[in-house]
Amino acid sequence: MSRKARCSGFGAITSVPDVVTRRRFLGTLGASALIVGFDPTTRAWATSTGSRSVQRIPHLDGVLLTDLPTRQADGRDLGRIVRRLPRAVLRPGSVRDVQKMIAFCREHRIPVATRGQGHSTHGQGLTDGLIIENRSLAAIHSVGADSISVDSGVLWREAAHAAAARGLTPPLFTTYVGLSVGGTLSVGGFPAQNELGLQIDHVRELDVVTGDGRLHRCSPDRERDLFEVMLGGLGQCGVITRATIDLVPARGRARNYLLQYPTTDTARVWADLHVLLERRELDGAYILMFAPDGKTVVYQLNGVVFYDDGRAPDDGRLLRGLSAPASSAAVVDSTYLEWVERYDRVIDGWRRQYAWDDLLKPWFDVILPGETAQGYVSEVVPTLTARDFGPPTGIGFVFPQRRSKLTRPFFRIPPGNSEFVYLFDVLTSSPAPGPDPAFAAEMLDRNRRLYDKARALGGTRYPIGSLDFTGDDWRAQYGERWPDLLRRKARYDPGRILTPGPGIFS
Ligand SMILES: Cc1cc2nc3c(=O)[nH]c(=O)nc-3n(C[C@H](O)[C@H](O)[C@H](O)COP(=O)(O)OP(=O)(O)OC[C@H]3O[C@@H](n4cnc5c(N)ncnc54)[C@H](O)[C@@H]3O)c2cc1C
């Protein structure tokens, strides 16, 4: 690649001001402008093509960075537990760049992982090979009457605002919406709503670059094999570059009801949750757990209903028949978009106040069948101390989801006949920022114990959290789908270079 082409590529990254300061930008330019190829014999980047073994890197619309600060930044995730220094970082200027570099990496057996926002917590998106920074591809292509088409580096928050400008919304969101579309579609995207499935259940079409560098457009009717294995498929068979997602009419406002219970009153919070789920009158209901005094964990039942301006819901009717009177619920009224972004404000505050990004986050996440969820959570939560949550920023959740709405085969849910499955999260953070190997080890042990107990009760792992998982664990996780996953991996990623972080095939 000519020096001129590289410089114009570097110029493009100045449009991402939070990533590169001017000083670092110049340093980056100096460090990386010399890379012209890769030497497969030494497995190192080369600054000249003098040696016959050096393979020239393809011409790129974007940039390939090898400077240490960029590699270090992409060598860790939000968990701050696992570190893996990539050899290089691609900021693609086009989908073609993704194709070219994946083909190049396949040829030279360089592992590749895509980075959305890097908000996984246990190295799921890390590699010592090439990181593709998806955030460089973040265009909103179109907002139609019932769907939106976006690059996979777009954040859900951005998709929400683009849709809202037309009075529309994606049907559901994760609690925090500063996550990339590609990142949550690769894991699942569990919402607060209980009747609509996950984000992956609302995808119409995907563009995917597979492990041989080829670009595919897939949907339920076209290349279904690939479409299915990309949704909740942990990036094992390709890189999602673009997604078309359902939109529905948006209500203008949201009303959130909050009811608090001591954790000694487990039966009461579950009974009330079930009343709300069975009545199907709210748009969402879930349990939040936290330690407001830094010591004692409490349950908070959250219910939300969306409505149009001037048609305020009848609180007494919606909360009738619960163990506490409707008047005891705290009511938070907001615009719909404020509700969508409610946890973003919390996280932003934690970032400023507690250096939240640099806290260790040994998160624990399992999905339990309806038959055992209440028993499991009621047994486990009282054994958790405030240290397990990590006040002030540690929280836990129970998100119920109707089983019949979960349609994607590679999103692993517990077998069984229960109407609902329940995601149980303990979003632990360390008491202080910075390394703390003893805390990490203690919490990884705890997570293993809690996972083993959940698995014995029919639970599956929601693989966003921090858990050391063996090959046997993965085979158990995929169950009867394992041979099918192997087949699709062999077909779409024959060199087995994509997304080694979870260790599924190692
Ligand atoms: C504050 C907070 C709240 C959260 N709340 C929820 C919640 O309510 N519900 C829920 O389900 N989850 C929740 N999560 C978890 C979140 O959905 C996952 O961690 C998600 O993967 C993060 O998105 P990301 O853009 O950071 O992805 P990354 O961490 O960058 O990537 C996740 C994985 O997908 C791969 N990947 C990323 N992009 C692509 C792509 N384009 N193509 C193929 N593979 C790709 C990566 O290599 C990695 O293995 C939350 C996370 C945080 C930090």
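Predicted model, so just to flag it, every value in this text is computed and none were measured.

**Student:** Before we go on, may I ask you to explain the overall build of the protein in this structure?
**Tutor:** The secondary structure content of the protein amounts to 16 helices and 22 strands. When its C-alpha atoms are laid out on the principal axes, the protein stretches across 80 × 50 × 45 Å. Within the protein, buried positions represent 58% of all 506 residues. When contacts within the protein are restricted to residue pairs at least 6 apart in sequence, long-range pairs at least 24 apart make up 71% of them. Carbon together with sulfur atoms contributes 52% to the accessible area of the protein, which is approximately 20000 Å² in total. If the 64 positive side-chain charges of the protein are averaged to one point and the 56 negative ones to another, these points end up 6 Å apart.

**Student:** Sorry, what's going on with the sheet that holds strand E22 (residues 460-461) here?
**Tutor:** Strand pairing in a sheet relies on backbone hydrogen bonds. The paired strands run either parallel or antiparallel. An order of E18-E15-E17-E16-E20-E21-E19-E22 is seen for the eight strands of this open sheet, with the pairing classed as antiparallel. Two strands lie at the open edges of the sheet, namely strand E18 (330-335) and E22, each paired on one side alone. Where strand E15 (residues 253-262) meets strand E17 (residues 298-307), ten bridges bridge the pair, whose relative direction is antiparallel. For Asn256, the partnering residue across the bridge sits in E17 and is Val304. Strands in contact with helix H12 (residues 370-380) are E17, strand E19 (364-369), strand E20 (395-402) and strand E21 (420-427); relative to E19, the strand with the most contacts, it is inclined by about 140°. Sheet strands touched by helix H14 (residues 437-456): E19, E21 and E22. Its angle to E19, the strand with the most contacts, is close to 10°.

**Student:** Whenever I open this one, the packing of H12 against H14 confuses me. Can you help?
**Tutor:** When two helices pack together, their arrangement is given by the angle between the helix axes and by the axis-to-axis distance. At a minimum axis separation of 11 Å, H12 and H14 run at an interaxial angle of 155°. When the interaxial angle is binned, H12 and H14 end up roughly antiparallel. With respect to the hand of their crossing, H12 and H14 are arranged in right-handed fashion. Counting all contacts with H12, which are made through Tyr376, Glu379 and Val380, the residues of H14 involved are Leu450, Lys453 and Ala454. Here the residues of the contact of H12 with H14 sort into four nonpolar, no polar and two charged.

**Student:** Where do I start with the UniProt feature "domain: FAD-binding PCMH-type" (unreviewed entry) in the protein in this structure?
**Tutor:** Here, the residues flagged by UniProt with the feature "domain: FAD-binding PCMH-type" (unreviewed entry) are residues 82-250. Helix makes up 21% of residues 82-250 and strand 27%, with an end-to-end C-alpha separation of 40 Å.

**Student:** Would you mind showing me how to read the site of the ligand here?
**Tutor:** Lining the immediate surroundings of the ligand are 34 residues, of which Thr114, Ser120, Ser180, Phe190 and Tyr462 lie closest. His119 has a polar backbone atom sitting 2.8 Å from an oxygen atom of the ligand. Within the complex, the protein chains bury 97% of what would otherwise be the 970 Å² of accessible surface of the ligand. For the shell around the ligand, the element with the most residues is helix H6 (residues 181-187), which contributes five residues.

**Student:** Hey, could you run me through unusual backbone geometry in this one?
**Tutor:** With the exception of glycine, most residues fall at negative phi, and the peptide bonds are largely trans. Backbone geometry places Glu223, a non-glycine residue, at a positive phi of 50°. Residue placement: Glu223 occurs in the loop between strand E12 (215-218) and helix H7 (224-230). Residues other than glycine seldom take positive phi values, yet Thr499 does so here, at roughly 50°. Within the secondary structure, Thr499 is located in the segment after helix H16 (482-492).

**Student:** Help me out: how do you make sense of the side chain of Arg446 in this one?
**Tutor:** With respect to the helices, strands and loops of the structure, Arg446 is situated in helix H14. With a relative accessible area of 3%, Arg446 lands in the buried category. Of note is the side chain of Arg446, whose polar atom sits 3.3 Å from the backbone oxygen of Pro362. Not counting residues up to four positions away in its chain, the partners in contact with Arg446 are Pro362, Phe364, Leu384, Asp388, Val426 and Thr428.

**Student:** Help me out: how do you make sense of the pattern of salt bridges in this one?
**Tutor:** Between side chains of opposite charge, a pair can form as their charged atoms come close. Tallied over the full model, the rule gives 40 salt bridges. For Glu195, the salt bridge goes to Arg280, with nearest N and O atoms at 3.0 Å. Taken together, the residues span a long stretch of sequence, with Glu195 in the loop between H6 and strand E11 (203-210) and Arg280 in the loop between helix H8 (266-279) and strand E16 (284-290) at a distance of 85 residues. With relative accessibility at 48%, the residue Arg280 sits in the partly exposed group. Among the salt bridges present, the one from Asp333 reaches Arg253, with a minimum N-O distance of 3.9 Å. Of the two residues, Asp333 is situated in strand E18 and Arg253 in strand E15; the sequence distance between them amounts to 80 residues. Its relative accessible area of 34% is what places Asp333 among the partly exposed residues. Linked by salt bridges that have partners in common, Arg224, Asp225, Glu228, Arg481, Asp484, Arg487, Arg488 and Arg491 make up one network.

Calculation criteria
Residues numbered from 1 in each chain as written. Predicted model: local features only at pLDDT ≥ 70, side-chain atom pairs only at ≥ 80, totals over all residues. Heavy atoms only, no water. Helix = DSSP H or I, 4+ residues; strand = E, 2+ residues; numbered from the N terminus. Buried < 20%, exposed > 50% of the residue type's maximum accessible area, 1.4 Å probe, protein only. Contact = heavy atoms within 4.5 Å. Areas by Shrake-Rupley, 256 points an atom, 1.4 Å probe, with all protein chains shown as cover. Lys, Arg positive; Asp, Glu negative; His and termini not counted. Charge placed at Lys NZ, Arg CZ, Asp CG, Glu CD. Pairing = 2+ DSSP bridges. Axes fitted to C-alpha atoms, helices over the stretch in contact; angles between N-to-C directions. Parallel < 35°, antiparallel > 145°, perpendicular 65-115°, else oblique. Left-handed = near helix turned anticlockwise from the far one by under 90°. Nonpolar A, V, L, I, M, F, W, Y, C, P; charged D, E, K, R; others polar. UniProt positions renumbered as here; feature names shortened; annotations may be inferred. Near = heavy atom within 4 Å. Polar contact = N/O pair within 3.5 Å; in protein donor to acceptor, adjacent residues only side chain to side chain. Salt bridge = Lys/Arg side-chain N within 4 Å of Asp/Glu carboxyl O.

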